[in-house]
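An overview of the molecular structure
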Amino acid sequence: MAKKLVIKVTAGADAPERCSQAFTVAAVAAASGVEVSLWLTGESAWFALPGRAAEFELPHAAPLPELIEGIRAGGRITLCTQCAKRRDIEEKDVLEGVRIAGAQVFVSEAMADGAQALVY
């Protein structure tokens, strides 16, 4: 079993089921003791901002703010550098504990021994 799970989520409100699945898998893994690194890219980048997750709705899915809290408690959330710049998001704007980093860091995490990467 992988010791670290690296998840890149590219979907937001534009593909709610795919988005919810990524956050759900990340939260369940974190709650199970797996080291989780969740990457927000594309439309999911907006969820790095306070209050944005509360606007997300999907019937029969766990609330996104609760999933984010679970991930933050047991893992790390990273906002893609380019995605942040395209949306004029700066470090001062994001949720506490969310870092902004680029592809080099993602590749390093995904290629580390014992890591498993998933993309949603």
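Look a little higher up for the structure.
Below or above, wherever it landed, is the structure these notes cover. Because the structure is a prediction, the values reported are computed rather than measured.

1. Points about the environment of L49
Within the fold, L49 resides in the loop between β2 (35-40) and α2 (64-74). Each C-alpha atom of the pair L49 and P59 lies 22 Å from the other, and the pair is 10 residues apart in sequence.

2. Thoughts on the nonpolar core
In this structure, F23, L38 and L79 are the most contacted members of the largest nonpolar core, which totals 36 residues. Elements represented by at least two residues in this core include exactly β1 (4-9), α1 (16-31), β2, α2, β3 (75-80) and α3 (81-86). With seven residues, the top contributor of residues to this core is α1. Residues contacting L79, with those up to four places away along its chain left out, are L40, A45, A48, A84, I89, V94, V98, R99, I100 and A101. Of all hydrophobic cores here, the second largest spans five residues; its members include V6, W39, F106 and A110.

3. Observations concerning the sheet that holds β3
Read across the sheet, five strands follow the order β4-β3-β2-β1-β5 without closing on themselves; strand pairing throughout is parallel. Each end of this open sheet is capped by a strand with a single partner; those strands are β4 (99-101) and β5 (115-119). Looking at each pair of strands side by side, their axes are set apart by 25 degrees on average, direction ignored. Helix-sheet contacts for α2 involve β2 and β3, and the interaxial angle to β3 is about 110 degrees. Sitting on the sheet, helix α4 (residues 103-110) is in contact with β1, β2, β4 and β5, with an inclination near 140 degrees to β1.

4. Thoughts on the packing of aromatic side chains
Per the stated rule, a full pass over the model turns up three aromatic pairs. When the ring of W39 is compared with that of F106, the centres are 5.4 Å apart and the planes differ by 80 degrees; the resulting orientation is edge-to-face. Highlighted residues: W39 in strand β2 and F106 in helix α4, separated in sequence by 67 residues. Each member of the pair, W39 as well as F106, carries the same accessibility label: buried. Ring centres of F47 and F56 lie 5.7 Å apart, and the angle between their planes is 85 degrees; this geometry places the pair in the edge-to-face category. Among the residues examined, F56 registers a relative accessible area of 12% and is labelled buried. Three or more aromatic residues joined by ring pairs form one cluster here, namely F23, F47 and F56. The ring of F106 carries K8 above its face, with NZ or CZ at 4.2 Å from the centroid.

Basis of the calculations
Residues numbered from 1 in each chain as written. Predicted model: local features only at pLDDT ≥ 70, side-chain atom pairs only at ≥ 80, totals over all residues. Heavy atoms only, no water. Helix = DSSP H or I, 4+ residues; strand = E, 2+ residues; numbered from the N terminus. Core = buried A, V, L, I, M, F, W, Y, C linked by side-chain atoms within 4.5 Å. Buried < 20%, exposed > 50% of the residue type's maximum accessible area, 1.4 Å probe, protein only. Contact = heavy atoms within 4.5 Å. Pairing = 2+ DSSP bridges. Axes fitted to C-alpha atoms, helices over the stretch in contact; angles between N-to-C directions. Phe/Tyr/Trp six-rings, centres within 6.5 Å; stacked < 30°, edge-to-face > 60°. Lys NZ or Arg CZ within 6 Å of the ring centre and 35° of its normal.

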